[in-house]
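# Examination of the molecular architecture
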Amino acid sequence: RGRRTEGRAPVADAGAMTDWVLRLIDAGGYWGIAFLMALENVVPPIPSELIMPLAGFDAARGDMNIFLVILSGSIGSLAGAASWYFVGRWIGEDRLKRWAGRYGRLLTMNASDIDRVNTWFDRHNEKAVLMGRLVPAVRTLISVPAGLFEMRLDRFLIFSAIGTATWTALLTLAGYLLGAHYQVVQGYLNPVSDVIVG
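## Section: the confidence of the model for the chain
Should the pLDDT be low somewhere, the predicted coordinates at that spot are not to be read in detail. For the chain, per-residue confidence averages 78 on the pLDDT scale, and 73% of positions sit at 70 or higher. For the chain, helix 1 (residues 11-14) is the element with the lowest average pLDDT, namely 41, and helix 7 (residues 153-178) is the one with the highest, namely 91. In this model, residues 1-14 is a region of pLDDT below 50 whose contacts with residues beyond four sequence positions or in other chains number 30 contacts.

## What about the nonpolar core?
In a soluble, globular protein the nonpolar side chains are often hidden away together inside. The biggest cluster of nonpolar side chains holds 20 residues, and the ones touching the most others in it are Val21, Ile25, Ile33, Ile51, Met52 and Val69. Mapped onto this core, the elements with two or more residues apiece are helix 2 (16-42), helix 3 (48-60), helix 4 (66-107) and helix 7. Core analysis: the second largest hydrophobic core is formed by 16 residues, Val144, Ala146, Met151 and Phe159 among them.

## Points about the pattern of salt bridges
Taken as a whole, this structure holds 4 salt bridges when the rule is applied. A salt bridge links Asp58 to Arg61; the shortest N-O distance between them is 3.0 Å. Under the relative-accessibility criterion, Arg61 is labelled buried at 15%. One salt bridge in this structure joins Arg155 and Glu126, with 3.0 Å as the shortest N-O distance. Taken together, the residues span a long stretch of sequence, with Arg155 in helix 7 and Glu126 in helix 5 (residues 111-132) at a distance of 29 residues. For Arg155, a relative accessible area of 27% corresponds to the partly exposed category. Assessed through its relative accessible area of 28%, Glu126 is described here as partly exposed.

## Considerations on the packing of aromatic side chains
This model, assessed by the stated rule, comprises 2 aromatic pairs. With 5.3 Å between their ring centres and 85° between their planes, Tyr85 and Phe86 make a pair best called edge-to-face. Looking at Tyr85, the relative accessible area reads 1%, which means it is buried. Ring geometry for Tyr85 versus Phe156: centroids 4.6 Å apart, planes at 25°, classification stacked. Of this pair, Tyr85 sits in helix 4 while Phe156 is found in helix 7, placing the two residues 71 residues apart along the sequence. Like Phe156, Tyr85 is buried. Ring-pair connections join several aromatic residues into one group, and the members of that group are Tyr85, Phe86 and Phe156. Over the ring of Phe57 we find Arg61; its NZ or CZ atom is 5.1 Å from the centre of that ring.

## Looking at helix 7
Taking 1.5 Å as the rise per residue, helix 7 with 26 residues should run 38 Å; its terminal C-alpha atoms sit 37 Å apart, in good agreement. Residues of helix 7 that are buried include every one of Phe156, Phe159, Ser160, Gly163, Thr164, Trp167, Thr168, Ala169, Leu171, Thr172 and Gly175, and no others.

## Section: the side chain of Ser77
Relative to the elements of secondary structure, Ser77 occurs in helix 4. Take Ser77: its relative accessible area is 0%, and that puts it in the buried class. Side chain to side chain, Ser77 and Asn41 meet in a polar contact 3.1 Å long.

Definitions and cut-offs
Just so you know, the residues in each chain are numbered from 1, in the order the chain's sequence is written. Restriction of local features to residues with pLDDT of at least 70 applies here, the model being predicted, together with a cutoff of 80 or more for giving and counting side-chain atom pairs; totals for whole chains, interfaces and linings are based on all residues. Hydrogen atoms and water are omitted, and side-chain values are computed over all heavy atoms in the structure. The predictor attaches a confidence to each residue, and that confidence, scored 0 to 100, is pLDDT. Helix and strand definitions here come from DSSP, where helices need a minimum of 4 consecutive H or I residues and strands a minimum of 2 consecutive E residues; each element is numbered from the N-terminal end. It only takes one pair of heavy atoms within 4.5 Å for two residues to be counted as in contact. We call a set of buried Ala, Val, Leu, Ile, Met, Phe, Trp, Tyr and Cys residues a nonpolar core when their side-chain atoms join them within 4.5 Å. Accessible area is worked out with a 1.4 Å probe on protein chains only. A residue is then buried under 20% of its type maximum, exposed over 50%, and partly exposed in between. A pairing counts as a salt bridge when a side-chain nitrogen of Lys or Arg comes within 4 Å of a carboxyl oxygen of Asp or Glu. Ring pairs are drawn from Phe, Tyr and Trp, using the six-membered ring of Trp, whenever the two centres fall within 6.5 Å, and their geometry is named by plane angle: stacked under 30 degrees, edge-to-face over 60, tilted for the rest. Geometrically, a lysine NZ or arginine CZ counts as sitting over a ring once it is within 6 Å of the ring centre and also within 35 degrees of the ring normal. Helices are assigned an expected span. That span is 1.5 Å times one less than the residue count. We define a polar contact as two N or O atoms separated by no more than 3.5 Å, with the added condition that, inside protein, one atom must be a possible hydrogen donor and the other a possible acceptor, whereas residues neighbouring each other in sequence contribute only through side-chain atom pairs.

Here it is in structure tokens:
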């Protein structure tokens, strides 16, 4: 595609993951961004905190349109989230309870724990999905209980899309404004992710 690469942090210093992300965005453009963001939801080691700021930096250099960057990243991310929703639907509450009855000690839960979570999720599902899509490390996981406890698909997609678009836009704009220092975003968010997972 003849995309320019000057002004970027040297790929040799960036590591294998960054190198791979750079090549996919350069080769695939908006499709590459959508693919990476879908994959980021399925394979957690691929961080949106790297993908979208880098794409925002490309937009700042004039290589891409910032609105199409945000749109493609949001669509890809929503597709990945939906895949986990359907995994949750496939498992289902009844199957999870059977697993808890059989392997409760390993799962550290029992059927009454699942009922409590279901009651809480029924009360807060829309807020949980919306806010969950804005939190590193929780972004992917929130889709599973939405499917498990049979949140309506249209409501899941609406609230997930709002949270996803907000997150994607924030990361893209950070890369747009930070320029060649786009990797700083990942450095700040990684410790936050670790605390949330803990």
